[in-house]
Amino acid sequence: MAAPITGKVLLVDDSQQARLAIKDALRDTFSIFVEADDGLSAIKAFVEEKPGFIITDIEMPSINGYRFISTIRNMEEGRDVPIIMLSGTKNSLKKKLTGFNLGASDFLIKPFDSEELLARVKSLLRMRNLMDELKEKNALLEKLAVTDELTGLHNRRHFFEALREQLALGLRHNFKLACLLLDIDFFKKINDTCGHMAGDDVLRKIGALLASCKREGELLARFGGEEFIICLFNTDSENAILAADRFRNLIKSYSFSSSFYPATHITLSIGLAIYPQGAVISIDELIKAADSALYRSKTEGRDRVTLYEWAPSSTGNQS
Ligand SMILES: [Mg+2]
């Protein structure tokens, strides 16, 4: 079976003959061979050509293989590139150990057996591929951990993490933030009369509408059930009310329809709280305050925005 072609390799050796021998051995494995005859031009070639694999001699004029390897390993983009070291010195345990300590992936003595070089290259490529797959899977898991599956918005967990980060920054900058808790009015009725597919469709659409209306830097997440949460940074209560009405009117004016339910209009009740304000000096207090304002929006007729106003007599536990 023919070996797969796997992109670009950088060959570093002051002997052209040695580079030719490597190319011959790896002709079927790599599609592009970039060559350099000393460490300095090899660093330049690495930066410009971004090879996915390096084979380097140790004994070279000016910058030798050791310094070349340690330079590559100190670069962000050079941390994971497989590097095979070559040395023309027999009995080179000390060289081997130095090379491995600097970050080489493997070591061969010249003149090398071409089948052995090929086998070592393939083994390193296999490891590299497994590592890439693992990285991709980890990135996916990280994304899933902070994403709400139904709406594709950030989830509650990400919301708290991001807000904590912002607050930590804000403590130094003395800023204000506004927290909007948005709840779909009569959502239970949609689920009960049209089914959960209809409810899910409404949640997805509202999520997308809120995301489209959200501005750069504003934090939006599905908070749970039929609740969404939005944080506006460096915003006073007047501007926060304007923003909350912007979200409320967007949903109110949208005509919801799908194969699961007839065309319908939906409204939001919104509770709004500002941080810091009175006893509202923690994230928990902020959300509790927004929740109690949301409760007032519900009891006073829904489809409205209520601003939480802290009074010294307030117990902070009004919901
Ligand atoms: Mg040499």
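Just above sits the structure.
Read on for a plain summary of the structure. Everything quoted here is computed from the prediction, not taken from an experiment. (Residues numbered from 1 in each chain as written. Predicted model: local features only at pLDDT ≥ 70, side-chain atom pairs only at ≥ 80, totals over all residues. Heavy atoms only, no water.)

**Brief notes about the overall build of the protein chain**
Let me state the cut-off plainly: Where helices and strands are cited, they refer to DSSP runs of H or I of at least four residues and of E of at least two residues respectively, numbered from the N terminus. We take the radius of gyration over the C-alpha atoms and set the globule estimate at 2.2 Å times the residue count to the 0.38 power. Buried residues are those whose accessible area, probed at 1.4 Å on protein chains only, stays under 20% of the maximum for their type, while exposed residues exceed 50% and partly exposed ones sit between those limits. Method for areas: the Shrake-Rupley scheme with a 1.4 Å probe, in which residue coverage is limited to the protein chains shown. Charge counting treats Lys and Arg as positive and Asp and Glu as negative, with His and both chain ends excluded. Think of each charge as sitting on NZ of Lys, CZ of Arg, CG of Asp or CD of Glu.
Broken down by element type, the protein chain carries 10 helices and 12 strands. In summary, the protein chain has a C-alpha radius of gyration of 31 Å against a globular reference of 20 Å for 319 residues, an excess of more than 25%. Expressed as lengths along the three principal axes of its C-alpha atoms, the size of the protein chain is roughly 85 × 50 × 25 Å. Burial statistics for the protein chain: of 319 residues in total, 45% are counted as buried. For the protein chain, the accessible surface area stands at approximately 17200 Å², while carbon and sulfur atoms represent 53% of it. Of the charged side chains in the protein chain, 41 are positive and 44 negative, and the gap between their average positions amounts to 1 Å.

**Topic: the coordination of the magnesium ion**
By definition of the ideal shapes, a tetrahedral metal site with four donors has angles of 109.5 degrees and an octahedral site with six donors has angles of 90 or 180 degrees. Here is the rule we go by: Listed donors are limited to N, O and S atoms within 2.8 Å of the metal, widened to 3.2 Å for Na, K and Ca; water is not among them, so incomplete-looking sites are possible.
Protein-derived coordination of the magnesium ion comes from D14 (OD), D57 (OD) and E59 (O), at a distance range of 2.0 to 2.3 Å. Mapped onto the sequence, the residues coordinating the magnesium ion show the spacing D-x42-D-x1-E. Separated by 45 residues along the polypeptide, D14 in the loop between β1 (8-12) and α1 (16-26) and E59 in the loop between β3 (53-57) and α3 (65-73) bring together distant segments of the chain. E59 gets classed as partly exposed once you look at its relative accessible area, which sits at 28%.

**Observations concerning the sheet that holds strand β11 (residues 268-275)**
Basically, it comes down to this: For two strands to be treated as a pair, DSSP must find no fewer than two bridges joining them. Every axis corresponds to a line fitted to the C-alpha atoms, with the helix fit spanning only the stretch in contact, and the corresponding angles, defined between N-to-C directions, vary from 0 to 180 degrees. Residues are treated as being in contact if the distance between any of their heavy atoms lies within 4.5 Å.
Strand order in the open sheet formed by 5 strands is β7-β8-β6-β11-β12, and the pairing between neighbours is mixed. In this open sheet, the two edge strands, each paired with only one partner strand, are β7 (219-224) and β12 (305-307). With strand direction ignored, the average angle separating the axes of adjacent strands in the sheet is 20°. Bridge count for strand β6 (residues 177-184) against strand β8 (residues 227-233) is 7 bridges, and the pairing is antiparallel. Bridge pairing in β8 places L181 opposite I229. Along the sheet, helix α10 (residues 283-299) makes contact with β6, β7, β8, β11 and β12, crossing β11 at roughly 145°.

**A short note on the layout of surface pockets**
We apply this condition: A pocket here means an open set of points on a 1 Å grid, computed over the protein atoms alone, that has protein on both sides within 12 Å along at least five of seven lines. A cavity is instead a set of points where a 1.4 Å probe fits but cannot get out; residues with an atom within 4 Å of a point line either one. Grid points are joined across faces, edges and corners, and a volume is the space filled by probe spheres set on the points. Think of it as three bins: nonpolar holds Ala, Val, Leu, Ile, Met, Phe, Trp, Tyr, Cys and Pro, charged holds Asp, Glu, Lys and Arg, and polar takes everything else, Gly as well.
For the largest pocket, the calculated volume is near 180 Å³. As for the largest pocket, its lining consists of D185, F186, K189, I190, T193, C194, Y261, P262, T264, H265, I266 and T267. Those elements giving two or more residues to the lining of the largest pocket turn out to be α7 (187-194) and β10 (261-264). Considering every element that reaches the lining of the largest pocket, the biggest residue donor is α7, with 4 residues. The residue inventory of the lining of the largest pocket, partitioned by class, reads 6 nonpolar, 4 polar and 2 charged.

**Observations regarding the sheet that holds β1**
Pairing is parallel in the open sheet, where 5 strands are placed in the order β2-β1-β3-β4-β5. Every other strand in the sheet has two partners, leaving β2 (32-36) and β5 (106-109) as the edge strands with one partner each. On average, adjacent strands in this sheet sit at an angle of 20° to one another, irrespective of strand direction. Note: β1 against β2, 5 bridges, orientation parallel. Its bridge partner lying in β2, L10 is registered against V34.

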